[in-house]
Amino acid sequence: ARRCWQALAAVEEIRQRRLGVVSCLVLSELPEPPASPPRPPAGCEPLLRCVTPSSRETAKAAHRLLAGWSLAPDKKAALRASAPPPDGARGKAGSVVTPLGECFLASGEARMPAREVSSPLLLGSELKEMKERRLPSAGAS
């Protein structure tokens, strides 16, 4: 009961400060995950394979949060994987993320990370482009 009170207090604090969206999972109440994750779209891997849970409870939480997600190597592959299947085809689109943090949701929504956020995952050309935009050229007066 004490832990539930702490979780509710944390949710209320985040709501009052308008820090974002928050949810709470009671780990002891989550179902056991299946033996293998859902099959990802072609060219992708299950995002769950990128997570190493530290306990049975965190494994259940990871499955609950990531089971419908796949990791694609790039934006092009993610767009293909998240597209709805052609009319008459079996299966459904899944949510896909790239190593750069680009999210393509099964609903058709795309979310991109802020361009100005520094990240070790930025490609060299993108990093160079950002620097060039910030620094005036040597020939400018």
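Check the entry above for the structure.
Residues numbered from 1 in each chain as written. Predicted model: local features only at pLDDT ≥ 70, side-chain atom pairs only at ≥ 80, totals over all residues. Heavy atoms only, no water.

Caption draft 1: Main features of the overall build of the protein. Per the secondary structure count, the protein includes 4 helices and 5 strands. Overall, the protein shows an N-to-C arrangement of helices and strands of α-β-α-β-α-β-β-β-α. Total accessible area on the protein is roughly 10,900 Å²; 56% of this is exposed by carbon and sulfur atoms. (Helix = DSSP H or I, 4+ residues; strand = E, 2+ residues; numbered from the N terminus. Areas by Shrake-Rupley, 256 points an atom, 1.4 Å probe, with all protein chains shown as cover.)

Caption draft 2: Highlighting the sheet that holds strand β5 (residues 110-111). Strand order in the open sheet made by the 5 strands is β1-β2-β3-β4-β5, with mixed pairing throughout. Where the open sheet ends on each side, the last strands, each with one partner, are β1 (45-46) and β5. The pairing of strand β2 (residues 69-71) with strand β3 (residues 95-97) spans 3 bridges and is classified as parallel. The partner of S70 across the bridge, within β3, is V96. (Pairing = 2+ DSSP bridges.)

Caption draft 3: Inspection of the nonpolar core at higher detail. With 7 residues, the main nonpolar core is built from C44, A72, A77, A78, A81, V96 and F104. Ranked by residue count, the leading element in this core is helix α3 (residues 75-82), at 3 residues. In this structure, C44 is in contact with S70, L71, A72, A81 and V96, ignoring residues within four places of it in sequence. (Core = buried A, V, L, I, M, F, W, Y, C linked by side-chain atoms within 4.5 Å. Buried < 20%, exposed > 50% of the residue type's maximum accessible area, 1.4 Å probe, protein only. Contact = heavy atoms within 4.5 Å.)

Caption draft 4: Representation of unusual backbone geometry in the model. For R18, which is not glycine, the phi dihedral falls at a positive 55 degrees. Residue position: R18 is located in the loop between α1 (2-17) and β1. According to the relative accessible area criterion, R18 is exposed, its value standing at 76%.

Caption draft 5: Molecular detail of the pattern of salt bridges. Evaluated as defined, the whole model comprises 5 salt bridges. One salt bridge connects E32 with R56, and the closest N-O pair in it is separated by 2.9 Å. Note that E32 is positioned in the loop between α1 and β1 and R56 in helix α2 (residues 56-66), a separation of 24 residues in sequence. In this structure E32 comes out as partly exposed when scored by relative accessible area, which is 44%. The exposed category is assigned to R56, whose relative accessible area is 56%. Here K75 and E102 are joined by a salt bridge, their closest N and O atoms 3.9 Å apart. (Salt bridge = Lys/Arg side-chain N within 4 Å of Asp/Glu carboxyl O.)

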